[in-house]
Amino acid sequence: MWIGDADPVWATSPQTTQAAFPSMALSQGRSLLRQVHQLGLEDVGADAEIDIIQAGTDLAEFYQLSQAALGPPKVQAEALSVAQATAIIDRPGDEDFLACGFVHIGVWGRRLEASEAN
């Protein structure tokens, strides 16, 4: 969701973070959906929540602080210029900011009890 955000400044963050941290997996949560089925569990399910970030909220401050921490490594990796990094850091503080952030995916299942397996 974040990659496809309508805010062109904000939408660049996931790709530039991946460029600075190549071992980061943008689709790890989606992979869990497939992986849980490979465990042979019963009562498998999943749920998701997405951060909707609005200016002036604690969540907006969290994202600003997070982007401030990520800015220098992104610039060092040449994924962003200093001006671009600053724009991403500042964006959640702008009055008109309303955007998507992380998607939190949870999966679950239960193991069959030995008596249920027979």
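The preceding data block contains the structure.
Given the structure is predicted, the values throughout are model-derived calculations rather than measurements.

Analysis parameters
- All residue numbers refer to positions counted from 1 along the written sequence of the respective chain.
- Where local features are concerned, this predicted model is filtered to residues with pLDDT of at least 70; where side-chain atom pairs are given and counted, the filter is 80 or more; whole-chain, interface and lining totals use all residues.
- As a convention, hydrogens and water are excluded, and side-chain values are obtained from all of the structure's heavy atoms.
- A run of H or I in DSSP becomes a helix once it reaches four residues, and a run of E becomes a strand once it reaches two; helices and strands are each numbered from the N terminus.
- Note that the radius of gyration is over C-alpha atoms, with the globule rule given as 2.2 Å times the number of residues to the power 0.38.
- When accessible area is computed with a 1.4 Å probe and restricted to protein chains, residues below 20% of their type maximum are described as buried, those above 50% as exposed, and intermediate ones as partly exposed.
- Residue contacts are defined here by distance: any two heavy atoms, one from each residue, within 4.5 Å place the two residues in contact.
- Think of each axis as a best-fit line through the C-alpha atoms, taken over the contacting stretch in the case of a helix, with angles from 0 to 180 degrees between the N-to-C directions.
- Angle categories are assigned with fixed cut-offs, so that under 35 degrees is roughly parallel, over 145 is roughly antiparallel, 65 to 115 is roughly perpendicular, and the rest are oblique.
- Crossings are assigned a handedness: left-handed for a near helix turned anticlockwise from the far helix by less than a right angle, right-handed for a clockwise turn.
- Residue polarity follows a fixed list, in which Ala, Val, Leu, Ile, Met, Phe, Trp, Tyr, Cys and Pro are nonpolar, Asp, Glu, Lys and Arg are charged, and the others, Gly among them, are polar.

K.L.:
Can you help me understand the overall build of the protein in this one?
P.N.:
Summing up its helical and strand segments, the protein has 5 helices and 2 strands in all. Helices and strands in the protein line up, N terminus first, as α-α-β-α-α-β-α. On C-alpha atoms alone, the protein measures out to a radius of gyration of 18 Å, which is more than a quarter above the 13 Å that the 2.2 N^0.38 rule sets for 118 residues. Classification of the 118 residues of the protein by burial places 26% in the buried group. By sequence separation, contacts in the protein at least 24 residues apart represent 74% of the contacts at least 6 residues apart.

K.L.:
Just checking my understanding: could you explain the packing of helix 1 (residues 13-20) against helix 3 (residues 58-76) for this structure?
P.N.:
The description of two packed helices rests on the angle between their axes and on the distance between the axes. Where helix 1 meets helix 3, the closest approach of the two axes is 9 Å, and the angle between their N-to-C directions is 55 degrees. As far as their axial angle goes, helix 3 and helix 1 are oblique. The handedness of the crossing between helix 1 and helix 3 comes out as left-handed. Every residue of helix 3 that contacts helix 1 at Ser13, Thr16, Thr17 and Ala20 is listed here: Gln67, Leu70, Pro73 and Lys74. Grouping the constituent residues of the contact of helix 1 with helix 3 by class yields 3 nonpolar, 4 polar and 1 charged.

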